[in-house]
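# Working through the structure, step by step
Spelled out from the first residue to the last, the chains are:
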Amino acid sequence: MNDPMSNANEHSTIKFRKMRLADIQAIVSIEQEAFTTPWTAEAFTNELTNNHFARYMVMEDPSGIIGYGGMWTIIDEAHVTNVAVRHDCRGKGLGELLLRRLMVDAEEAGMQRMTLEVRVSNERAQRLYGRLGFEPAGVRPGYYSDNNEDALIMWVELSAPRTGVQR
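Description of the structure in this document.

The rules behind the values
- The residue numbering used here restarts from 1 in each chain and proceeds along that chain's sequence as written.
- In keeping with the model being predicted, local features are shown solely for residues with a pLDDT of at least 70 and side-chain atom pairs are shown and tallied solely at 80 or more, while totals for entire chains, interfaces and linings include all residues.
- Water and hydrogen atoms play no part in the side-chain values, which are based on all heavy atoms of the structure.
- Helix and strand assignments come from DSSP, with helices taken as H or I runs of at least 4 residues and strands as E runs of at least 2, each series counted from the N terminus.
- Every residue pair with non-hydrogen atoms within 4.5 Å of one another is taken to be in contact.
- Each accessible area value is a Shrake-Rupley result obtained with a 1.4 Å probe; residue values ignore everything except the protein chains displayed when judging cover.
- Patches draw on residues past 30% relative accessible area with no salt bridge. Two like charges within 9 Å are joined, as are two nonpolar side chains (Val, Leu, Ile, Met, Phe, Trp, Tyr) within 5 Å.
- Should a side-chain nitrogen of Lys or Arg be within 4 Å of a carboxyl oxygen of Asp or Glu, the pair is scored as a salt bridge.
- For every residue, the accessible area obtained with a 1.4 Å probe (protein chains only) is divided by the maximum for its type, and the residue is called buried under 20%, exposed over 50%, and partly exposed between those limits.
- Strand pairing is assigned whenever DSSP detects at least two bridges linking the two strands.
- A fitted line through C-alpha atoms serves as each axis, taken over the contacting stretch for helices, and the angle formed by two N-to-C directions is quoted from 0 to 180°.
- Directions drawn from the helix axis to the C-beta atoms are what define this arc.
- Here is the rule: rings of Phe, Tyr and Trp (six-membered ring for Trp) pair when centre to centre is within 6.5 Å. Planes less than 30 degrees apart are stacked, more than 60 are edge-to-face, and the remainder are tilted.
- Two conditions define a charge located above a ring, namely a distance within 6 Å from the ring centre to NZ of Lys or CZ of Arg, and an angle within 35 degrees of the ring normal.

## Points about the overall build of the protein
- A count of helices and strands for the protein gives four helices and seven strands.
- Start at the N end of the protein and walk to the C end: the helices and strands fall as β-α-α-β-β-β-α-β-α-β-β.
- Sequence separation of at least 24 residues holds for 61% of the intrachain contacts in the protein that already meet a minimum separation of 6.
- Total accessible area on the protein is roughly 9,000 Å²; 49% of this is exposed by carbon and sulfur atoms.

Structure below.
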């Protein structure tokens, strides 16, 4: 995978903005492509309207929404809830670009650490998170309801220097 920060021209048309209720249909479509147990439209509506800890953003190019990410910001920690890129846009470093943007936004919001869970079998995602400074910190047994797979818990200190992260 290419380093998304070194492909400035390729990503020059990409914009980030806060997720809106009107985006939910597109988000659910991406969610269904990306995950075996996708969140519903109702879950995203609840996140946007009732969860005061939730922060969600979309990533757009001229074709429309191509990805999204979300996190909960609680005291000084950010918990990544979802990061997904439209199927036809994968393999271009956009997931990394999106996660880097979430990390910067979390730090700007005063968060000092960020955490996420990832399937123990998802080595590709674990490598991505590792490149961004996330380190394994434990396992949540049977975390994923579709197949009872364990989740690897990963953390990163947001104030720590990270190679290639633009601020």
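From this point on, the discussion continues.
## Topic: a nonpolar patch on the surface
- Taken together, the side chains of F53, W72, I74 and I75 present a nonpolar region at the surface, about 420 Å² in accessible area.
- Of note, F53 is situated in the loop between α2 (41-50) and β2 (54-61).
- Exposure remark for F53: the relative accessible area of 43% places this residue in the partly exposed category.

## Comments concerning the sheet that holds strand β7 (residues 151-157)
- Strand order in the open sheet made by the seven strands is β1-β2-β3-β4-β5-β7-β6, with mixed pairing throughout. Either end of the sheet is taken by a strand with one partner, and the two such strands are β1 (15-18) and β6 (135-140). The sheet shows a mean angle of 30° between the axes of neighbouring strands, direction not considered.
- Its contacts with the sheet put α2 on β2, β3 (64-74) and β4 (77-85), and the angle it makes with β2 is roughly 115°.
- Lying on the sheet, helix α4 (residues 123-131) is in contact with β5 (113-119) and β7; it crosses β5 at an angle near 165°.

## Some remarks on helix α1 (residues 24-34)
- Of the positions making up α1, those classed as buried are I24, I27, V28, I30 and E31. Each buried residue of α1 lies within a common arc of 165° when the element is viewed along its axis, so the set occupies one face. Seen from the open side of α1, the exposed residues pointing more than 90 degrees away from its buried face are Q25 and Q32.
- Those residues of α1 that are buried lie in contact with α2, β2, β3 and β4.

## As for the packing of aromatic side chains
- On inspection of all chains with the given rule, the structure shows five aromatic pairs.
- With a centroid separation of 6.2 Å and 80° between ring planes, the pair formed by F44 and Y56 is classed as edge-to-face. Within this pair, whereas F44 is found in helix α2, its partner Y56 is found in strand β2, the two being separated by twelve residues in sequence. For the pair F44 and Y56, one class covers both residues: buried.
- A network of ring pairs unites the aromatic residues W39, F44, Y56 and Y68 as a single cluster.
- For R113, the ring lying beneath its charged end belongs to W155, and the centroid distance is 3.9 Å.
- Residue placement shows R119 over the ring face of Y144; its charged tip is 4.1 Å from the ring centre.

## A word on the pattern of salt bridges
- Under the defined criterion, the tally for this structure stands at ten salt bridges.
- Of the charged contacts, one joins E157 and R113 as a salt bridge, the two residues approaching to 3.7 Å between their closest N and O atoms. In this pair, E157 is assigned in strand β7 and R113 in strand β5, connecting sequence segments 44 residues apart.
- For E157, a relative accessible area of 38% translates into the label partly exposed.
- Close ionic contact of D146 with R119 constitutes a salt bridge, the shortest N to O distance being 2.9 Å. Taken together, the residues D146 in the loop between β6 and β7 and R119 in strand β5 connect sequence positions 27 residues apart.
- Overall, D146 belongs to the partly exposed group, its relative accessible area being 35%.
- Taken together, the salt bridges that share partners define one network made up of R17, D23 and E60.

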